[in-house]
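# Survey of secondary and tertiary structure
Okay, here's what each chain looks like letter by letter:
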Amino acid sequence: QVQLVESGGGLVQAGESLRVSCAASGLTFSLATMGWFRQAPGKEREFVAAISRSGGSSNYADSVKGRFTISRDNAKNTVWLQMNSLKPEDTAVYSCAAQWRRLLSIYGKDYDYWGQGTQVTVSS
């Protein structure tokens, strides 16, 4: 059974940093393209970042480019999202997702497995 478990969310002030983690089990992690998505109250889920199987390639939403960094460690079956210079508009539930395709898709429909999410709240 595939499980993706996020952790590391919390409440921070604008301008601060936070790192969220996603621990994967039940799948061959090194073969999965991983992504982070977020959903704010009353809004649709949106793409944040994706990383290739090896970690050599990544893709970011324009709204987080230059502030967020996605990384992974295949030996630890873990993917991280380092978030710097956080803004109130980054407040959302952040979820990780896994898919078997090689494309760094920005579409949630292309992902096969999802975690439950972790809440990130940025106060002004």
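The structure reproduced in this document is the subject of the present report. (Residues numbered from 1 in each chain as written. Predicted model: local features only at pLDDT ≥ 70, side-chain atom pairs only at ≥ 80, totals over all residues. Heavy atoms only, no water.)

A word on the state of the cysteines. Linking two cysteines covalently via their sulfur atoms produces the bond known as a disulfide. By the definition in use, this model includes one disulfide. Paired by a disulfide, Cys 22 and Cys 96 hold their sulfur atoms 2.0 Å apart. What sets the handedness of the Cys 22 and Cys 96 disulfide is the S-S torsion sign, and at about 50° it is right-handed. Of this pair, Cys 22 sits in strand E3 (residues 18-25) while Cys 96 is found in strand E9 (residues 92-99), placing the two residues 74 residues apart along the sequence. Take Cys 22 and Cys 96: they sit in the same class, and that class is buried. (Disulfide = S-S within 2.5 Å. Helix = DSSP H or I, 4+ residues; strand = E, 2+ residues; numbered from the N terminus. Buried < 20%, exposed > 50% of the residue type's maximum accessible area, 1.4 Å probe, protein only.)

The next subject is the pattern of salt bridges. Inspection of every chain in the model, using the stated rule, returns six salt bridges. Its salt-bridge partner being Arg 38, residue Asp 90 comes within 2.9 Å of it at the nearest N-O pair. Placement of Asp 90 in the loop between strand E8 (78-83) and E9 and of Arg 38 in strand E4 (residues 33-39) is noted, with a sequence separation of 52 residues between them. We note that Asp 90, like Arg 38, is buried. (Salt bridge = Lys/Arg side-chain N within 4 Å of Asp/Glu carboxyl O.)

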